Amino acid sequence: MKVLGIETSCDETGVAVYDTEAGLLGQSLHSQIDLHAVYGGVVPELASRDHIRRLPILVRQALAEAGLDIGAMDAIAYTAGPGLAGALLVGASVAESMAMAAGIPALPVHHLEGHLLSPLLAADPPDFPFVALLVSGGHTQLMAVTGVGAYTLLGESLDDAAGEAFDKTAKLIGLGYPGGPQLAALALQGTTGRFKLPRPMLHSGDLDFSFSGLKTAVLNVVSGPGWQAEWAADLAADFQQAVVEVLTAKSLAALKQTGLKSLVVAGGVGANVQLRAGLDSATRRRGARVYYPEPALCTDNGAMIAFAGALRLAGGARPEQAPGVRIRPRWPLAELLTPAGG
């Protein structure tokens, strides 16, 4: 089964072709970082317009790399949510129109499920069951995963997601957009221990997260008396260490609670070097193992959507036959999925 995947949930335009027998055949990706950098964040209207410009080009590129045309596809999968409404509409409209013209089904895919399943595209993929840590700009969640669509929510952020806290903290210390990667790079130049930052909910006894208080602690530091700009790298290092400690501790607790030995990390923050080092070391000591997506698949991309769509279709998902653009800008993952073991 060959599936064309389209991702336009925010500020990356991604297209890919996935074959259930031959694997990933072609992919193309465009990032809008330069477009939004001047504004210090994503401008939804500009994002949507750029998706319109880029998507036809990227579809042709992905199909050309795969050596196929749209007539060879068995289905088209597209991100239906969550995400920016205008951006989602672009991808959904293109996907549904192409599917109608080609006489093939179009399948709406949940963005977070794409991230969750993306480590299965790696050369050394995990086996079910596993614990998944979804950690991105908009979401921080721990789930027990026993199969495609069989997930149990173990814990989630009660306020800011980890990636969101990275971005907001970056802005507080004067970094540009995208803040998270810039803060992570700055942290590598700093030394930890200068600032006493909290580890929110580290000992809460559950698997939930909270990062807004950590962000507020940084605000208190930079707005307080005696703050010196040359301390920014040390503050970034202390902030990053606090986030890594909390994510690592909660992930280990999830493994212990479920009795599982495999941890999957997905989402943009999963590319963070210090987080990977912390998780690798901690799980190794516990006799467990961590799996990550390929670096190129940590950000939003079409490959994860094509792959998730293919797995859903292979599992018997039946796309609606009536044509129509279906998006869910606010789409809780729990509404899509069957609880593990249920």
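Please read these numbers as outputs of a predicted model, since none were measured by experiment. (Residues numbered from 1 in each chain as written. Predicted model: local features only at pLDDT ≥ 70, side-chain atom pairs only at ≥ 80, totals over all residues. Heavy atoms only, no water.)

**Topic: the domain arrangement of the protein**
The line we're drawing: These domain limits were set by an automatic method or by a database of domain assignments. In this description, contact between two residues means that some pair of their heavy atoms is separated by no more than 4.5 Å. Buried area counts how much accessible surface, traced with a 1.4 Å probe, disappears from two parts once they are put together, with both parts' losses summed. Each salt bridge in this description consists of a side-chain nitrogen of Lys or Arg and a carboxyl oxygen of Asp or Glu lying within 4 Å of one another.
Taken domain by domain, the protein consists of domain 1 (2-116 + 298-335) and domain 2 (127-292). Between the C-alpha centres of domain 1 and domain 2 the distance comes to 28 Å. Counting residues at the interface gives 16 residues for domain 1 and 19 residues for domain 2. Each partner contributes to the roughly 1,400 Å² buried at the junction of domain 1 and domain 2, and carbon and sulfur atoms together form 73% of this total. In terms of surface lost to domain 2, no three residues of domain 1 exceed Leu-112, Leu-116 and Cys-298, which account for 42% of the buried area on that side. In this structure, the connection of domain 1 to domain 2 is made through 0 salt bridges.

**Details of the UniProt feature "binding site: Fe cation" (unreviewed entry) in the protein**
Cut-off, in case you're wondering: UniProt positions are given in the numbering used here, feature names are shortened, and annotations may be inferred rather than shown by experiment. We count a stretch as a helix when DSSP gives it H or I for four or more residues in a row; a strand needs E for two or more, and each element gets its number in order from the N terminus. Burial classes: relative accessible area under 20% of the type maximum marks a residue as buried, over 50% as exposed, and values in between as partly exposed (1.4 Å probe, protein chains only). Polar contact criterion, stated in full: a pair of N or O atoms within 3.5 Å, where within protein one must be able to donate a hydrogen and the other to accept it, and residues adjacent in sequence count only if both atoms are side-chain atoms.
The positions that UniProt labels "binding site: Fe cation" (unreviewed entry) are, in the present scheme, His-111, His-115 and Asp-300. For the residues just named, distributed over 190 residues, the greatest C-alpha separation is only 8.5 Å, placing them together at one site. Within the element layout of this structure, His-115 appears in helix α4 (residues 111-117). If we ignore the near neighbours within four places in the chain, the residues touching His-115 are Leu-134, Ala-266, Gly-267, Cys-298, Thr-299, Asp-300 and Met-304. Topologically, Asp-300 is positioned in the loop between β10 (289-291) and α10 (302-314). Relative accessible area serves as the criterion here: at 12%, Asp-300 is assigned to the buried category. Non-local contacts of Asp-300, meaning those with residues more than four positions away in its chain, are made with Glu-7, Ser-9, Cys-10, Glu-12, Leu-29, His-111 and His-115. Within the local environment of Asp-300, its side chain forms a polar contact with the side chain of His-111, the two groups lying 3.1 Å apart.

**Side note on the UniProt feature "domain: Gcp-like" (unreviewed entry) in the protein**
Annotation from UniProt places "domain: Gcp-like" (unreviewed entry) at residues 24-307. With 46% helix and 17% strand, residues 24-307 has its two end C-alpha atoms placed 8 Å apart.

**Quick notes on unusual backbone geometry**
For residues besides glycine, phi is generally negative; the peptide bonds are generally trans as well. With an omega of 0°, the peptide bond between Phe-128 and Pro-129 qualifies as cis. Relative to the assigned elements, Pro-129 resides in the loop between α4 and β6 (130-135). Residues Tyr-177 and Pro-178 are joined by a peptide bond in cis, for which omega reads 0°. Phi at Met-201 takes a positive value of approximately 60°, unusual for a residue other than glycine. On the basis of relative accessibility, which here comes to 22%, the residue Met-201 falls in the partly exposed class.

**Points about the pairing of strand β8 (residues 150-156)**
Convention followed: The criterion for strand pairing is that DSSP finds at least two bridges linking the strands in question.
Here strand β7 (residues 140-147) runs beside β8; their pairing, made up of 6 bridges, is antiparallel. Within β8, the residue paired with Val-145 across the bridge is Tyr-151. Counted along the chain from β7 to the antiparallel partner β8, the turn is 2 residues long, and its residue Gly-149 has a positive phi close to 85°.

**A word on the packing of helix α6 (residues 179-187) against helix α8 (residues 232-258)**
Angle between the axes and distance between the axes: these two values describe a pair of packed helices. The line we're drawing: Comment: axis = line fitted to C-alpha atoms, over the contacting stretch for helices; angle = value between 0 and 180 degrees taken between N-to-C directions. By definition in this entry, angles of less than 35 degrees are roughly parallel, angles greater than 145 are roughly antiparallel, angles of 65 to 115 are roughly perpendicular, and the rest are oblique. Ten residue types, Ala, Val, Leu, Ile, Met, Phe, Trp, Tyr, Cys and Pro, are classed as nonpolar, four, Asp, Glu, Lys and Arg, as charged, and the remainder, Gly among them, as polar.
Two numbers describe how α6 lies on α8: the axes approach to 7 Å, and their chain directions differ by 105°. As far as their axial angle goes, α8 and α6 are roughly perpendicular. Only Ala-232, Ala-233, Ala-236, Ala-237, Phe-239 and Gln-240 of α8 make contact with α6, whose side of the interface consists of Leu-183, Ala-184, Leu-186 and Ala-187. When grouped by side-chain class, the residues that make up the contact of α6 with α8 number 9 nonpolar, 1 polar and no charged.

**Considerations on α10**
Heads up, the rule is: By this rule the span expected of a helix is its residue count minus one, scaled by 1.5 Å.
With 13 residues, α10 ought to run about 18 Å at 1.5 Å a step, and its terminal C-alpha atoms sit 18 Å apart, in line with that. The element α10 is extensively covered by neighbouring structure, given that 10 of its 13 residues are classed as buried. The complete set of buried residues in α10 reads Gly-302, Ala-303, Met-304, Ile-305, Ala-306, Phe-307, Ala-308, Gly-309, Ala-310 and Leu-313. Of the surrounding elements, those touching the buried residues of α10 are β1 (2-7), β2 (12-19), β3 (23-31), β4 (75-81), β5 (106-110) and α4. Of the residues flanking the start of α10, the one acting as N-cap is Asn-301, its side-chain oxygen 3.1 Å from the backbone nitrogen of Ala-303.

**Describing the pairing of β1**
Along β1, 5 of the 6 residues are buried, which leaves the element largely enclosed by surrounding structure. Both β1 and β2 contribute to a ladder of 6 bridges, which runs antiparallel. Paired with Leu-4 across the bridge in β2 is Val-17. Remark: 4 residues form the turn of the hairpin made by β1 and β2, two consecutive strands paired antiparallel.

**Observations regarding the packing of aromatic side chains**
Heads up, the rule is: In this scheme Phe, Tyr and Trp rings, the latter by its six-membered ring, pair at centre separations within 6.5 Å, and the angle between planes marks the pair as stacked below 30 degrees, edge-to-face above 60, and tilted otherwise.
Summed over all chains, the structure comprises 7 aromatic pairs. Look at Tyr-18 and Phe-307: their rings are 5.0 Å apart centre to centre, the planes differ by 80°, and that puts the pair in the edge-to-face class. On the criterion of sequence distance, the pair formed by Tyr-18 in strand β2 and Phe-307 in helix α10 is long-range, its members being 289 residues apart. Assessed through its relative accessible area of 5%, Phe-307 is described here as buried. The interplanar angle of 15° and the centroid separation of 6.1 Å between the aromatic rings of Phe-209 and Phe-211 together place this pair among those described as stacked.

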